[in-house]
Amino acid sequence: MHIGNYRRRTEAVFLVFLFFLILCIARLFYIQFFRSRYLAGIAKKQQNLFVELEPVRGAIYDSNLKQQAVNIPVDSLYAVPNEIPQKDKEKIIAQLCPILNLERSFLAQRLGRDKSFIWLVRKLSYEQSQAVRRLNIKGLGFLKESKRSYPNSYLAAQVIGFAGLDNIGLEGLEIYDDKYLRGEAGWGIFLRDARQKRLDLWAKMVLPKDGYDLVLTIDETIQYIAERELDKAFEKYHAKGASIIVMDPHSGAILAMANRPTFDLNSYTKADKDRIRNRAICDLFEPGSVFKIVTASAVIEEKKVNETDRFFCENGSYRVANHILHDHTSHGWLSFREVIEQSSNIGTVKAAQILGPQLLYKYVKLFGFGSKTDIDLPGEIAGMIKPPSLWSKTSIGAVPMGQEVGVTALQLASAISVIANGGQLMKPYVVQEVRDKYGETIKKISPVVIRRAISEDTANRVKSILGGVVENGTGKMGKIPGISAGGKTGTAQKLEPNGAYSHNKFVGSFIGFAPLENPMVAIVVTLDEPRPYYFGGVVAAPVFKNVAGDVIKYLKSHQLAEGEMVIE
Amino acid sequence: MKLSKFLSLAAFITVFSLLYVYQQTEIFRLAYIGQKKLAFLDVLLDKNSVLRYNIEKNASLACLGDKISGYADFQMPDNYQLVSLLPAKKKANLKKPASSNTGLLSRVFGIKRQAEARTISP
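Being a predicted model, the structure only gives us computed values, none of them experimental.

**Here we look at the overall build of chain A**
Part 1 of the reasoning: What chain A contains, in helices and strands, is 18 helices and 23 strands.
Part 2 of the reasoning: Expected size for 568 residues packed as a compact globule is a radius of gyration near 24 Å; at 35 Å, chain A overshoots this value by more than 25%.
Part 3 of the reasoning: Expressed along its principal axes, the backbone C-alpha trace of chain A runs to roughly 150 × 60 × 50 Å.
Part 4 of the reasoning: Counting across all 568 residues of chain A, residues that qualify as buried make up 43%.
Part 5 of the reasoning: For chain A, long-range pairs separated by at least 24 residues make up 72% of all intrachain contacts whose partners lie at least 6 apart in sequence.

**As for the overall build of chain B**
Part 1 of the reasoning: Helix and strand counts for chain B stand at 4 helices and 0 strands.
Part 2 of the reasoning: Within chain B, buried positions represent 2% of all 122 residues.

**Examining the sheet that holds strand 10 (residues 254–260) of chain A**
Two modes of strand pairing occur in sheets, parallel and antiparallel, and in both the strands are linked by backbone hydrogen bonds.
All names here are of chain A.
Part 1 of the reasoning: One open sheet accounts for 5 strands, arranged 10-9-23-22-21; its pairing is antiparallel. Since the sheet does not close on itself, it has two edges, and those belong to strand 10 and strand 21 (486–495), each with one partner. Within the sheet, the average angular offset between the axes of one strand and its neighbour, ignoring direction, is 10°.
Part 2 of the reasoning: As paired strands, strand 22 (residues 501–514) and strand 23 (residues 521–528) are joined by 8 bridges and run antiparallel to one another. When the sheet's bridge partners are listed, phenylalanine 513 is paired in strand 23 with alanine 522.
Part 3 of the reasoning: Contacting strand 9 (241–247), strand 22 and strand 23, helix 15 (residues 409–421) crosses the sheet at an angle of about 145° to strand 23.
Part 4 of the reasoning: The strands touched by helix 16 (residues 456–471) within the sheet are strand 21 and strand 22, with strand 21 carrying the most contacts at an inclination of about 75°.

**Some thoughts on the nonpolar core**
Residues and elements named next belong to chain A.
Part 1 of the reasoning: Ranked by internal contacts, the top residues of the largest apolar core, which has 134 residues, are Ile244, Ile245, Val246 and Ile416.
Part 2 of the reasoning: The element that contributes the greatest number of residues to this core is helix 15, accounting for 9 residues.
Part 3 of the reasoning: If you look at the next biggest cluster of nonpolar residues, it comprises 5 residues, including Val74, Val121, Leu124 and Val132.

**Some details on the pairing of strand 13 (residues 323–326) of chain A**
Residues and elements named next belong to chain A.
Part 1 of the reasoning: Looking at chain direction, strand 12 (residues 317–320) and strand 13 are connected through 4 bridges and run antiparallel. In the strand pairing of strand 13, tyrosine 318 is matched with leucine 325.
Part 2 of the reasoning: Counting the residues that bridge the hairpin from strand 12 to strand 13 gives 2 residues, and of these alanine 321 lies at a positive phi of roughly 55°.

**Quick look at the domain arrangement of chain A**
All names here are of chain A.
Part 1 of the reasoning: Looking at chain A, the domain boundaries give domain 1 (56–216) and domain 2 (220–263 + 279–567).
Part 2 of the reasoning: Taking the mean C-alpha position of each, domain 1 and domain 2 sit 45 Å from one another.
Part 3 of the reasoning: The interface of domain 1 with domain 2 comprises 23 residues on the first partner and 21 residues on the second.
Part 4 of the reasoning: Of all the secondary-structure elements, those providing two or more residues to the side of domain 1 that touches domain 2 are helix 5 (157–160), helix 6 (172–176) and strand 8 (213–216).

**Examining the sheet that holds strand 1 (residues 48–53) of chain A**
Residues and elements named next belong to chain A.
Part 1 of the reasoning: Ordered by their spatial adjacency, 3 strands build an open sheet running 1-6-7, and the pairing between neighbours is antiparallel. Of all strands in the sheet, those with a lone pairing partner are strand 1 and strand 7 (198–206), marking the two edges. If you compare each strand with its neighbour and ignore which way they point, the axes differ by 35° on average.
Part 2 of the reasoning: Bridge analysis of strand 1 against strand 6 (residues 186–192) gives 6 bridges, and the strand direction is antiparallel. Looking across to strand 6, one finds that leucine 53 is bridged to glycine 186.

**Examining the interface of chain A and chain B**
Part 1 of the reasoning: At the interface, 19 residues of chain A touch 15 residues of chain B.
Part 2 of the reasoning: For the side of chain A that touches chain B, the secondary-structure elements that each account for two or more residues are strand 3 (67–79), strand 7 and helix 8 (220–236) of chain A.
Part 3 of the reasoning: Grouping the constituent residues of the side of chain A that touches chain B by class yields 11 nonpolar, 5 polar and 3 charged.

**Overview of unusual backbone geometry**
All names here are of chain A.
Part 1 of the reasoning: Of note, the amide linkage connecting arginine 260 to proline 261 takes the cis form, showing an omega dihedral of -5°.
Part 2 of the reasoning: On the secondary structure map, proline 261 appears in the loop between strand 10 and helix 9 (273–276).
Part 3 of the reasoning: Non-glycine residue alanine 321 carries a positive phi angle of around 55°.
Part 4 of the reasoning: A positive phi angle, close to 55°, is found at glutamate 529, a residue other than glycine.
Part 5 of the reasoning: With respect to the secondary-structure elements, glutamate 529 resides in the loop between strand 23 and helix 17 (536–539).

**Brief notes about the environment of glutamine 128 of chain A**
Residues and elements named next belong to chain A.
Part 1 of the reasoning: If you trace the backbone, glutamine 128 turns up in helix 4 (residues 126–135).
Part 2 of the reasoning: A tally of 18 C-beta atoms within 10 Å means that glutamine 128 is categorised as partly exposed.
Part 3 of the reasoning: Expressed as a C-alpha distance, the spacing of glutamine 128 and proline 98, which sit 30 residues apart in the sequence, is 9.9 Å.
Part 4 of the reasoning: If we ignore the near neighbours within four places in the chain, the residues touching glutamine 128 are Ile99 and Leu100.

**What about the confidence of the model for chain B?**
Residue and element names in this part refer to chain B.
Part 1 of the reasoning: In this model, chain B carries an average pLDDT of 73, and 56% of its residues clear a pLDDT of 70 or more.
Part 2 of the reasoning: No element of chain B has a lower mean pLDDT than helix 3 (residues 98–101), at 48, and none a higher one than helix 1 (residues 3–58), at 91.
Part 3 of the reasoning: Both scores are given for the predicted complex: the pTM is 0.80, the ipTM 0.73.

**Overview of the packing of helix 2 (residues 86–100) of chain A against helix 4 of chain A**
All names here are of chain A.
Part 1 of the reasoning: Contact pair helix 2 / helix 4: the axes reach a minimum separation of 10 Å and the direction vectors enclose 165°. One finds that helix 2 runs roughly antiparallel with respect to helix 4. Handedness of the helix 2/helix 4 crossing: right-handed. Across the interface between the two elements, Gln95, Ile99 and Leu100 of helix 2 pack against Gln128, Ala131, Val132 and Leu135 of helix 4.
Part 2 of the reasoning: Residues that form the contact of helix 2 with helix 4 fall into these classes: 5 nonpolar, 2 polar and no charged.

**A look at helix 16 of chain A**
Residues and elements named next belong to chain A.
Part 1 of the reasoning: With 16 residues, helix 16 should cover 22 Å at 1.5 Å per step; its first-to-last C-alpha distance of 22 Å lies within 8% of that length.
Part 2 of the reasoning: Where helix 16 is concerned, the buried positions are Thr458, Ala459, Arg461, Val462, Ile465, Leu466, Gly467, Val469 and Val470.
Part 3 of the reasoning: Buried residues belonging to helix 16 abut helix 11 (292–301), helix 12 (336–341), helix 15, strand 21 and strand 22.

**Notes on the environment of valine 51 of chain A**
All names here are of chain A.
Part 1 of the reasoning: Considering the arrangement of structural elements, one finds valine 51 in strand 1.
Part 2 of the reasoning: According to the C-beta neighbour criterion, valine 51 is partly exposed, with 14 such atoms within 10 Å.
Part 3 of the reasoning: Measuring from C-alpha to C-alpha, the distance between valine 51 and glycine 186 comes to 8.6 Å, with 135 residues separating the pair along the chain.
Part 4 of the reasoning: With residues near it in sequence (within four places) discarded, valine 51 still touches Trp187, Gly188 and Phe190.

Conventions and cut-offs
- Residues numbered from 1 in each chain as written.
- Chains lettered and ligands numbered in written order.
- Predicted model: local features only at pLDDT ≥ 70, side-chain atom pairs only at ≥ 80, totals over all residues.
- Helix = DSSP H or I, 4+ residues; strand = E, 2+ residues; numbered from the N terminus.
- Rg over C-alpha atoms; globule rule 2.2 N^0.38 Å.
- Buried ≥ 20, exposed ≤ 12 C-beta atoms within 10 Å, placed from the backbone.
- Contact = placed C-beta atoms within 7 Å.
- Pairing = 2+ DSSP bridges.
- Axes fitted to C-alpha atoms, helices over the stretch in contact; angles between N-to-C directions.
- Core = buried A, V, L, I, M, F, W, Y, C linked by C-beta atoms within 7 Å.
- Domains from an automatic or database assignment.
- Nonpolar A, V, L, I, M, F, W, Y, C, P; charged D, E, K, R; others polar.
- pLDDT = per-residue confidence, 0-100.
- Parallel < 35°, antiparallel > 145°, perpendicular 65-115°, else oblique.
- Left-handed = near helix turned anticlockwise from the far one by under 90°.
- Expected span 1.5 Å × (residues − 1).

Here's what the structure looks like:
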């Protein structure tokens, strides 16, 4: 071959290669400078996985740090309908129906969808999850979630409330303090392998901020005692509803609050609204004779009447404007102390007539009626009390004995605490502390004095009268063996839809405190439409007696135990 | 650049690259192992929290109270005294009842002077 030809061919090959090299360089240049952002984005999507990190919802503890609401890990079952062959679906539905307790049609509809992810059941029980796992069905998968659970089932159900499927508070403290309990979600960008599986290697991560824990003023033991006794009365007297509040009169701390009918917090979806409602703060009722503590306090504070002043109780029948008042037992002359002890309507109204509507209204407001107590629970109502300008001529014969006013059980608890603690109206509260998961206090809630309603001297004098109610008066069934107590019974007729007072529907109630000298607890018990007995002194006073007796024994033993620990 | 220098530089870069690749594969291998262990630990932790919750639930006053009131007639009396029983120093000299030595005929036809208390199962 001629050397010249060889050289030309070599040059041609070189030029061809050079051309392709230039093409490659140009392409690389294009990719690097014009397509890099787009391609890097695609690569990032393939390699990285953005995951939202769920915070742990705060727990709820009672005053002794016993768990009332916690989170437990559970499995949620999902399906990938696209991956399940059509012919297998019938068999899978037949296998899943008995385990999951679901309708066949529901599962058929879910698995029939043309989707790559669909929830079948969220938050399965451990047994259900294990049973489904054993079936080892292709196209079904589990995701871990946390479920809000309540170890005490029904204890303080309306106070604690519940959180929904997404751990968002729906009722009670779970919704009221959701801002503390919820926490803040975090996020992370995790690496994925070639099979798109998540690796625990992260490029970036912001840790979730777990929710804070709540420490309640409620004591599990006191709550249990209160619910146990309320249950007995609720069933014995076939009541439509019932409530009980146990309060520390000196601080306003709620030690127990319960309502009947109630529900299981772990299966709240099965409960109707009537059971979920916190009757103690949401239900309005005419208090009846328990309201006489306000009238008695007002006339004594204003020095219009003293305990020994005598009233003629008209032998059981007394006209006020065009309305005739009756006493449940006819009385002649009674001292004011006896008027309250025997719960004479006529004697109380005569004392209130000396006081006048303006002053009576002033004390009704001072005791906190007609306004919210601002307790840290949702759904509280203010109650109802008309200003004297709107009173009719018969109002002075009704308001002093608890008619024409609407109150809540909580307002009554606050009012009886005024007498028990020496005249101060305290703000009731159920959360005493907000703390983080390490036990550090974030917020401490201290007792709040709203106002002084009456002087200490008046409170002590009324306290002594209420002691007489339990010793000699209508509240004898509230007498606690070995412990002195004070209280007032109430039996209020309910209003019919036509506005008239019912003759067979009553609210029986008892408000009291014990021990008389230095009260440790103030208790309110109300029973709505009890049958066949309906007098507060018969249906509600025994509940007070049993609860106060056991609670005081418990509190004293608790104090003793704490004292011993200090000595050690 | 001298060939020997070029070759040593190339060898160094190659070894360094291999080490880097090895390091990356090790990270992923360890990540997989860690992930498996973490999954196992998660299962154990989950079981632990479920168990603790169940203990808490079964030991709760609501549960215990329901069981006591549901299955027993026990009620705490209003007044009660705590007594302690001390072990006796000497064995009590308990005589066997005479009836146990008597035969069938004497038990049937005999006249007993003392009433015998017997337990009866309801």
